[in-house]
Amino acid sequence: MLRLAFSAKWLVRAGLGVLLIIGFIFLGHWQWERTQDVLAAERAGLAEQVAVDQLNPLGQPIVSETVGRAVSARGQYRSDMQRFVVHRSLNGKSGVWVVTPLQLSDGSLIAVMRGWLPNKQAPGAVAPSVDVEITGVLQADESFYKGSPPDGSNVAAISRQSLQLGATARDGFIRLSTQTPVTTPAPIPVPVVAQQGSVPFPLQNFFYAIQWWIFSLFVIGVYLRWLWLDAHDSSHSSLDDDAN
Amino acid sequence: MRSHLSSQNWRLAKLSTVNKIAGAALRYRIMAYVTGVVLASAFTWMVVLIITWMVDGYAFADFFSSNDQKPGLYGALWIVHGWAYFLYLIVGVDLAFRLRYSIGRTVLILLAGTIPFMSFVAERNVHKDLAKRAEPTSLS
């Protein structure tokens, strides 16, 4: 069998097999790159900033795919509806979160968690009265203590019910990242702890990559089987060519 | 090697070879149909989707460059075809070796699993060939 493998005919076949294997490895690599590209494109799509009214239609509950998306909004803070979420600490210091609804140009409201302050009397608590453009991360209503009513200006959790924003409010809230124009003093932005929504995995490209690589193993198997058959058939050569 | 076998053993050996070919042919037939049906469904669905996309004003190439907005089951069909074709390759090569097919014919049979509706044609071709071989003259 070994002597047969080094015959001219079988060396040519081995060479062709190696070429096939190299080709298959490249094709698998191409599908692997494609898998990565699709994932990168999907993640970039998620990271892209979208106006909140496009992502979060009025009167509809927030969908899980939009939670964690970067959003922008333009409007005016409604200081009269501002609430403080109590018992929220930042870096180990106890304090409150300042939640001020933002009124968009269409009149709808979206709650904005502007950040952390040590207490309700801290100077940053007063929201700017000018038109602002904000960016932030879209979040779903906090589910715990969701329905508990406000105690004066204190609330236990951020939700449309607890903030009593009414029917003109969009679901969920924006966790503020930036505000233009910048006003000082202001609450300290609280970093996002919620994870970004996951993107669909391109299984098809992933499996194609794996299959191309398996095919290159397959080439080796076929070569060996063929060589074995050739070596054993040549002892009684009648079978070798009668099928063709 | 065969000359050492007694006539009875030789008959048994031949019979088992025939049986092995019948088994391999059955495996090949199953995989040719499975691969063919899945590929035909995925391909037909793709044609329908492309037509709907183009009616909606997308370019032909948009269908292939875009990664979203396709039904989940549609993508799943292509994945199933990928793995079915892998099995098709194995049983196809196995049968081609047993029948001592030429490399050209083998490659054509194997490629038939990737071209819509062609695996049915290849399977028919193989079974015609087997029927011809099963005639008494070619077996003796």
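Definitions and cut-offs
- Residues numbered from 1 in each chain as written.
- Chains lettered and ligands numbered in written order.
- Predicted model: local features only at pLDDT ≥ 70, side-chain atom pairs only at ≥ 80, totals over all residues.
- Heavy atoms only, no water.
- Helix = DSSP H or I, 4+ residues; strand = E, 2+ residues; numbered from the N terminus.
- Buried < 20%, exposed > 50% of the residue type's maximum accessible area, 1.4 Å probe, protein only.
- Contact = heavy atoms within 4.5 Å.
- Areas by Shrake-Rupley, 256 points an atom, 1.4 Å probe, with all protein chains shown as cover.
- Buried area = accessible area lost by both parts, 1.4 Å probe.
- Polar contact = N/O pair within 3.5 Å; in protein donor to acceptor, adjacent residues only side chain to side chain.
- Nonpolar A, V, L, I, M, F, W, Y, C, P; charged D, E, K, R; others polar.
- Phe/Tyr/Trp six-rings, centres within 6.5 Å; stacked < 30°, edge-to-face > 60°.
- Lys NZ or Arg CZ within 6 Å of the ring centre and 35° of its normal.
- pLDDT = per-residue confidence, 0-100.
- Core = buried A, V, L, I, M, F, W, Y, C linked by side-chain atoms within 4.5 Å.
- Expected span 1.5 Å × (residues − 1).
- Salt bridge = Lys/Arg side-chain N within 4 Å of Asp/Glu carboxyl O.

To continue, consider the overall build of chain B. What chain B contains, in helices and strands, is six helices and zero strands. Secondary structure of chain B in N-to-C order comes out as α-α-α-α-α-α. Looking at chain B as a whole, 36% of its 140 residues qualify as buried. Across chain B, the fraction of contacts at a sequence separation of at least 24, relative to all contacts at a separation of at least 6, is 72%. Counting only carbon and sulfur atoms, one obtains 69% of the accessible surface of chain B, whose full area is about 8400 Å².

What follows concerns the interface of chain A and chain B. Interface size, as often reported, equals the accessible area lost upon joining of the parts. Listed by partner, the interface residues are 20 residues for chain A and 22 residues for chain B. Both faces considered, chain A and chain B share a buried interface measuring about 2000 Å² in area, 68% of it formed by carbon and sulfur atoms. Viewed at the interface, chain B and chain A are joined by one residue pair in polar contact (both at pLDDT 80 or more). Sorting the residues of the side of chain A that touches chain B by element identifies helix H2 (8-47) and helix H5 (203-233) of chain A as the ones contributing at least two each. A per-element tally of the side of chain A that touches chain B places H5 of chain A first, with 14 residues. In the side of chain A that touches chain B, the residues fall into 13 nonpolar, four polar and three charged.

Moving on, we get to the packing of aromatic side chains. All names here are of chain A. With the rule as written, the count across this model stands at 23 aromatic pairs over all chains. A centroid spacing of 6.3 Å and a plane angle of 40 degrees characterise the contact between Trp32 and Trp213, whose relative ring orientation is tilted. Here Trp32 is found in helix H2, whereas its partner Trp213 is found in helix H5, with 181 residues between them in sequence. Given a relative accessible area of 32%, Trp213 falls into the partly exposed group. Over the ring of Trp10 we find Arg13; its NZ or CZ atom is 4.7 Å from the centre of that ring.

Residues and elements named next belong to chain B. Locating Leu39 in the fold gives a position in helix H1 (residues 7-55). Judged by its relative accessible area of 3%, Leu39 falls in the buried class. Considering only alpha carbons, one finds Leu39 and Val80, 41 residues apart in sequence, at a separation of 8.9 Å. When near neighbours in sequence (up to four residues on either side) are disregarded, Leu39 contacts Trp78, His81, Gly113, Thr114, Ile115 and Pro116.

Attention now goes to the confidence of the model for chain B. Summing up the model confidence of chain B, the mean pLDDT is 85 and the portion of residues at 70 or higher is 81%. Here residues 1-5 of chain B is a poorly scored stretch, pLDDT under 50, and it has five contacts once near neighbours within four places are set aside; other chains count.

This part is about the confidence of the model for chain A. The predicted model of chain A has a mean per-residue pLDDT of 87, with 93% of residues at 70 or higher. Within the model, pLDDT remains below 50 along residues 237-244 of chain A, and this stretch shows 11 contacts once partners closer than five positions in the same chain are excluded.

Here the focus is the nonpolar core. Ranked by size, the top nonpolar core spans 30 residues in total, and within it Tyr28, Tyr88, Leu95 and Val126 of chain B carry the most contacts. Residue assignment for this core shows that the elements contributing at least two residues are H2 and H5 of chain A together with H1, helix H3 (72-98), helix H4 (103-111) and helix H5 (118-134) of chain B. Setting aside residues up to four positions removed in sequence, Val126 of chain B forms contacts with Tyr28, Leu95, Tyr101 and Ile109 of chain B. Formed by 18 residues, the second largest nonpolar core is a distinct cluster that contains Val71, Leu102, Val112 and Ile174 of chain A.

A few words now on unusual backbone geometry. All names here are of chain A. The peptide bond linking Thr180 to Pro181 adopts the cis configuration, its omega dihedral lying at -5 degrees. Its place among the elements puts Pro181 in the loop between strand E8 (169-180) and H5. The omega torsion of the bond from Thr184 to Pro185 falls at -10 degrees, within 30 degrees of zero and hence cis. Along the polypeptide, Pro185 turns up in the loop between E8 and H5. A positive phi angle, close to 60 degrees, is found at His87, a residue other than glycine. Here His87 shows up in strand E3 (residues 83-90). For Gln164, which is not a glycine, the phi torsion comes out positive at approximately 55 degrees. In this fold, Gln164 is placed in the loop between helix H4 (160-163) and E8.

Between its terminal C-alpha atoms H5 of chain A stretches 43 Å, which fits the 45 Å expected from 31 residues at 1.5 Å a residue. Those residues of H5 of chain A not exposed but buried are Asn205, Tyr208, Ala209, Gln211, Phe215, Ser216, Phe218, Val219, Leu227, Leu229, Asp230 and Asp233 of chain A.

So, on to the pattern of salt bridges. All told, the structure shown has 10 salt bridges over all chains when counted by the stated rule. Asp230 of chain A is the partner of Lys9 of chain A in a salt bridge, and the nearest nitrogen-oxygen pair spans 3.9 Å. Here Lys9 of chain A is found in helix H2, whereas its partner Asp230 of chain A is found in helix H5, with 221 residues between them in sequence. For Lys9 of chain A, a relative accessible area of 45% gives the class partly exposed. Under the relative-accessibility criterion, Asp230 of chain A is labelled buried at 10%. Across the pair Arg78 of chain A and Asp80 of chain A runs a salt bridge, and its minimum N-O distance is 3.0 Å. The network of salt bridges with shared partners includes Arg27, Asp94 and Arg98 of chain B.

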